[in-house]
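# Chains, contacts and geometry: an overview
Letter by letter, the chains look like this.
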Amino acid sequence: PDPVGIVERKYSTDTGTSSNWYITAGRLGGYSLYMSYTGAYMQSPSLTVNATMVVGFAVKFKALGTNTFLSLYDGTTQGMNLRLTAGGEVAIYRGGTLLETTSGLGLTAGAWYFIEFKVLCANSPGGTYELRVGGVDVASDSGLDTQAGSNAYHDRFRLSNSASSTYTASFDDLYCLDGSGAVNNDFLGNMRVIAIRPDADTAANAWTRSSGAENYDLVNEDICDDDTGYVESAVSTTTDLYDYDAVASIADSIKGIQINTVCRETDANSFSLVTVSKLGATQSNGAAAAIGTTNYVTKTRLMETDPAGN
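What comes next concerns the included structure.

Conventions used here
Residues numbered from 1 in each chain as written. Predicted model: local features only at pLDDT ≥ 70, side-chain atom pairs only at ≥ 80, totals over all residues. Heavy atoms only, no water. Phe/Tyr/Trp six-rings, centres within 6.5 Å; stacked < 30°, edge-to-face > 60°. Helix = DSSP H or I, 4+ residues; strand = E, 2+ residues; numbered from the N terminus. Lys NZ or Arg CZ within 6 Å of the ring centre and 35° of its normal. Contact = heavy atoms within 4.5 Å.

This next bit is on the packing of aromatic side chains. A full pass over the atoms with the stated rule returns 5 aromatic pairs. Centroid distance Phe57 to Phe171: 5.9 Å. Interplanar angle 55°. Geometry classified as tilted. Residue Phe57 is found in strand 5 (residues 52-61), and its partner Phe171 is found in strand 14 (residues 169-178); the two are separated by 114 residues along the sequence. Each member of the aromatic cluster is reached from another via a ring pair, and the members are Phe57, Phe61, Phe69 and Phe171. Sitting over the ring of Tyr93, Arg83 keeps its end group 3.7 Å from the ring centre. The ring of Tyr41 is capped by Arg158, whose NZ or CZ atom sits 3.7 Å from the centre of that ring.

Now the structure itself:
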């Protein structure tokens, strides 16, 4: 299906979602986002002012040809970016200036590749970059200018389609990091993003159901059904908690968890959402996030450790 109204609930800027974006089969199960629209893109909100940015994702190209498929931005200024070539290579640019093109990479149409791009943004001679495909360094350099904007950082990224409907692409398993903190500050390697959904109620279910006998069953759709089924509360501090299936196959390599909540305000009062995570008896409350609209939006909480801080 065409994900009308879905992508823009989470990403700050996009184009083409009402025309030719499709949710299709993913790289390792689940779903991917296929951009068949000429010039389609989705762009993150402003994420960081750290000099280092790392973006990793799986991509599958329908055909080989000129295609800028990843761009890092400083505000509205395009910085370091990756472009596919007709020969299955990847060209690395700073803005519109070519810095390097891979040799012998030999990407083919219709195959999934996991691509990671790390940039230290700085004017010459402080800038560096490294491009990995399938965990292998295929292009890297240092002592050069990687700063296209006025700031020595890229604060957002954009995944994009080409200017031709021939050279379209699918994207899956996306992550973005900066260089700060003690964990998740460098390449993660070939990663998989797995979606899990509520599968049972817990003892803390204080929100009101729109219908049915269990709260979790109203919030566990693959694609949110909006006002068809929902839980709601007008009372501050009330909590709805749900159980989730374990992900035993990757338990030792989980790098983080992102909790997505699709929500909206239902009257003229302003509300904030506190996203709660609980492991055993330990509960962690996220920061209050203002909803701010009667339209549906997706509020996220990213956790790099479990509620006990491990």
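The topology assignment puts Thr101 in strand 9 (residues 97-101). Once the C-alpha coordinates of Thr101 and Val90 are considered, the two residues, 11 residues apart in sequence, prove to be 5.7 Å apart. Among residues more than four places away in sequence, those in contact with Thr101 are Thr85, Glu89, Val90 and Ala91.

That bond from Ser124 to Pro125 is cis: its omega, 10°, falls within 30 degrees of zero. Along the polypeptide, Pro125 turns up in the loop between strand 10 (112-120) and strand 11 (127-133). The backbone of Asn184 sits at a positive phi, close to 50°, despite the residue not being glycine. The residue Asn184 is located in the loop between strand 14 and strand 15 (198-205) in this model. The phi dihedral of Asp226 falls on the positive side, at around 55°, and the residue is not glycine.

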